[in-house]
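Structure at a glance
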Amino acid sequence: MIAISPRPTGRTWNTISFASTLYLCPILDLLVAEIPDALRAEIRLGLQEALVNAARHGNNLDPSKTVVVRFWAVADVYWWVISDQGSGFSPACCCHVDPDQHLPEEESECGRGLYILHKVFDRVDWNPQGTELSLCKQVKRRLTLPRFAVNNNCPSPQLG
């Protein structure tokens, strides 16, 4: 079952919660609905990784446990806070790997999932208990100016 908070007004968070499952399509659709098209696939991948980790590793896919996602957007900054009911996670390393380099080795303490999170999001933080992940992405919207057609039949403006 999926529970969604009513659409808030003003500067408050939206909340969605769901039983631990890997069927995430409708949840991901909702979480990326307001993301610009150019970044939607990338952010969806990062959120999918975070939600799978919460459901699978945090809650052990226990359907009696829930994953809660709070999300908020202000101007060009998007936030997602993902909470699970697991025993917690402690990243073994900072995972600030150069994104232009190859993926970490399979044996590495930082797996591909953490690499993806750090590649996609501008900020990746866990609470001290390791049961809540905060993700932030600043989206720079391209300023588009109207195009002006050159019309040789229009007289030049008179200056002076």
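Residues numbered from 1 in each chain as written. Predicted model: local features only at pLDDT ≥ 70, side-chain atom pairs only at ≥ 80, totals over all residues. Heavy atoms only, no water.

The protein carries the name Anti-sigma regulatory factor serine/threonine protein kinase in an unreviewed UniProt entry, which gives Microseira wollei NIES-4236 as its organism.

Observations concerning the pattern of salt bridges
Tallied over the full model, the rule gives five salt bridges. For the salt bridge of Glu42 with Lys137, the shortest nitrogen-to-oxygen distance reads 3.7 Å. Of the two residues, Glu42 sits in helix α2 (residues 37-58) while Lys137 sits in strand β6 (residues 132-138), which places them 95 residues apart along the sequence. A salt bridge links Arg123 to Asp125, with the nearest nitrogen and oxygen atoms 2.6 Å apart. Note on Arg123: relative accessible area 45%, which makes it partly exposed. (Salt bridge = Lys/Arg side-chain N within 4 Å of Asp/Glu carboxyl O. Helix = DSSP H or I, 4+ residues; strand = E, 2+ residues; numbered from the N terminus. Buried < 20%, exposed > 50% of the residue type's maximum accessible area, 1.4 Å probe, protein only.)

What about the environment of Arg112?
Mapping Arg112 onto the fold places it in helix α3 (residues 112-120). Along the chain, Arg112 and Glu49 lie 63 residues apart, while their C-alpha atoms are 9.5 Å from each other.

A look at the layout of surface pockets
Estimates place the volume of the largest pocket at around 360 Å³. The set of elements that each furnish at least two residues to the lining of the largest pocket consists of α2, α3 and β6. Among the elements that line the lining of the largest pocket, the one with the most residues is α2, at six residues. For the lining of the largest pocket, a count of residues per class yields eight nonpolar, eight polar and three charged. (1 Å grid on protein atoms, 1.4 Å probe; cavity = no way out; pocket = protein on both sides within 12 Å on 5 of 7 lines; lining within 4 Å. Points joined across faces, edges and corners; volume = space filled by probe spheres on them. Nonpolar A, V, L, I, M, F, W, Y, C, P; charged D, E, K, R; others polar.)

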